[in-house]
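Descriptive analysis of the structure
One-letter residues, chain by chain:
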Amino acid sequence: MPTASPTANTTLSIGPHAVQPPVVLAPMAGITNAPFRTLCREFSGGKGLFVSEMITTRALVERNEKTMQLIRFDASEQPRSIQLYGVDPATVGKAVRMIAEEDLADHIDLNFGCPVPKVTRKGGGSALPFKRNLLRAILREAVAGAGDLPVTMKMRKGIDDDHLTYLDAGRIAVEEGVTAIALHGRTAAQHYGGTADWEAIARLKEHVPEIPVLGNGDIWSADDALRMVRETGCDGVVVGRGCLGRPWLFADLVAAFEGRPDGYVRPTLREVADVMVRHATLLGEWLESGGEARRATVEGGGGRRAGESRGVIDFRKHVAWYLKGFAVGSEMRRRLAVTSTLEELRAGLDELDLDQPWPSGADGPRGRTSGNNRVVLPDGWLKDPYDCAGVGEDAELDTSGG
């Protein structure tokens, strides 16, 4: 196994874009919208790559209103990174050409890792690389349509332990001109359970030395990221669940790769509460700017500002993640998770012991951990790894995001 330590000079090249340190925010449905990316980017000092939540190619081509909002980037986001999901090569090609021709992003990532049933039952996400010819056709259309924009892909080891695809998929990606590959060291059947297989990341790096390989899975701290790079030889890391309720993890990651462990952030509950309110505020402003709040005001009839309310309601799912490890009673946790205004959120937080230091157990796993799931696939999907008959426009999802 490689033993070299990452240094401040460690740079990941994504086409013309230099990502230093080599840290990428994983696309997460309903999470990595513009407000959350803003928080992560602020803590990182603008360093790293922050990818949008998954955008379906059909919805993009049809200019679905929600999808068009999801691909709006703040002026400070450089490079602008979009992750696309699709199963039909023609539709994927149209979406990529639309992004390139209309200057909607600077980087395109393709999703071949999502394990949720609504995606895999269409043959998409982590199910798709099993069909080698279909994967090749999609990558070929995407790279051809992207022009000068770099195209990367994110995938899992395979459908299950009996149907591993990552080495074949990696070779196909190289042959079709993909710029970099991210591998989550789990199968679709594992979802987010068990332990990520970092050895698979090392094997993929050995198998496709021509392009950068990024590792994903079980990075709960900045030290985990450094250890992954040392143990696998990967060129960078993709961080997902580890930053849920903890956008300052990106400050730790920058400090770690720059050799500054004293730069790790260990916020008090008071500082966490301030971030929580800012997160909810940004969500409200973002939803209001997209028109959803204005429609809600018209349909629901006035009262409190609809944008603020929608932002706080959308923020509810983040509350438990932010408070992980702190001494907060169950009744107060429930109360904070049903707030509807910034005033209610702030008032509830102010009742806590805000001088609590960062808890020692808060750096561990967070988010979903269920595993050993049956992967829902199209009928006959596993009969032939090369036959992709019957996959086309009808298999495309028509909505984006969480």
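Let us look at the structure shown here.

**Overview of the overall build of the chain**
- Each helix and strand counted, the chain has 16 helices and eleven strands in total.
- Against the globule reference of 21 Å for 402 residues, the chain gives a C-alpha radius of gyration of 21 Å, in line with a compact fold.
- Overall, the C-alpha framework of the chain stretches about 60 × 55 × 40 Å when taken along its three principal axes.
- Accessible area for the chain stands at about 16100 Å²; split by element, carbon and sulfur atoms hold 48% of it.

**Overview of the side chain of Asp224**
- With respect to the helices and strands, Asp224 occurs in helix H9 (residues 222-232).
- Not counting the four nearest positions on each side in its chain, Asp224 is found in contact with Trp198, Asp218 and Ile219.

**A word on the pairing of strand S8 (residues 151-156)**
- Most of S8 sits inside the fold, with six of its six residues counted as buried.
- Here S8 shows no split at all, with Val151, Met153 and Met155 on one side and Thr152, Lys154 and Arg156 on the other all buried.
- Pairing between strand S7 (residues 107-112) and S8: five bridges, direction parallel. Considered in S8, the bridge of Leu110 is made with Met153.
- Pairing between S8 and strand S9 (residues 180-184): five bridges, direction parallel. Residue Met155 lies in a different strand from S9, and its bridge partner there is Leu183.
- Chirality of the crossover, the property in question, places the unit of S8, helix H7 (residues 166-175) and S9 among those that are right-handed.

**What to know about the pattern of salt bridges**
- Applying the stated criterion across every chain yields a total of 32 salt bridges.
- As a salt-bridge pair, Arg140 and Glu176 come within 2.8 Å of each other at their nearest N and O atoms. Residue Arg140 is located in helix H6 (residues 132-146), and its partner Glu176 is located in the loop between H7 and S9; the two are separated by 36 residues in the primary sequence.
- A relative accessible area of 48% means that Arg140 is categorised as partly exposed.
- Under the relative-accessibility criterion, Glu176 is labelled buried at 10%.
- With its nearest N and O atoms 3.3 Å apart, the salt bridge here joins Arg346 to Asp350. With Arg346 and Asp350 both in helix H16 (residues 342-350) and four residues apart, this pair spans about one turn of that helix.
- Overall, the relative accessible area of 23% leaves Arg346 in the partly exposed class.
- Of the residues examined, Asp350 reaches a relative accessible area of 46% and is grouped as partly exposed.

**Thoughts on the side chain of Ser81**
- Tracing the chain through its elements places Ser81 in strand S6 (residues 81-85).
- Side-chain polar atoms of Ser81 contact the side chain of His107, separated by 2.7 Å.

**Details of the packing of H6 against H7**
- It is at 10 Å that the axes of H6 and H7 come closest, and there the two elements cross at 30°. With respect to their mutual orientation, H6 and H7 come out roughly parallel. Judged by the sense of rotation from one axis to the other, the crossing of H6 with H7 is right-handed. In this structure, H6 uses Arg132, Leu135, Arg136 and Leu139 to contact H7, whose residues at the interface are Asp168, Ala169, Ile172, Ala173 and Glu175.
- Among the residues forming the contact of H6 with H7, the class breakdown is five nonpolar, no polar and four charged.

**Focus on unusual backbone geometry**
- Gln20 connects to Pro21 through a cis peptide bond whose omega is -5°.
- The topology assignment puts Pro21 in the loop between strand S2 (17-19) and strand S3 (23-25).
- For the bond running from Gln78 to Pro79, omega is -5°, close enough to zero to count as cis.
- Along the chain, the position of Pro79 falls in the loop between helix H3 (65-70) and S6.

Procedures and definitions
- Residues numbered from 1 in each chain as written.
- Predicted model: local features only at pLDDT ≥ 70, side-chain atom pairs only at ≥ 80, totals over all residues.
- Heavy atoms only, no water.
- Helix = DSSP H or I, 4+ residues; strand = E, 2+ residues; numbered from the N terminus.
- Rg over C-alpha atoms; globule rule 2.2 N^0.38 Å.
- Areas by Shrake-Rupley, 256 points an atom, 1.4 Å probe, with all protein chains shown as cover.
- Contact = heavy atoms within 4.5 Å.
- Buried < 20%, exposed > 50% of the residue type's maximum accessible area, 1.4 Å probe, protein only.
- Pairing = 2+ DSSP bridges.
- Right-handed = clockwise from strand over helix to strand, strands pointing away.
- Salt bridge = Lys/Arg side-chain N within 4 Å of Asp/Glu carboxyl O.
- Polar contact = N/O pair within 3.5 Å; in protein donor to acceptor, adjacent residues only side chain to side chain.
- Axes fitted to C-alpha atoms, helices over the stretch in contact; angles between N-to-C directions.
- Parallel < 35°, antiparallel > 145°, perpendicular 65-115°, else oblique.
- Left-handed = near helix turned anticlockwise from the far one by under 90°.
- Nonpolar A, V, L, I, M, F, W, Y, C, P; charged D, E, K, R; others polar.

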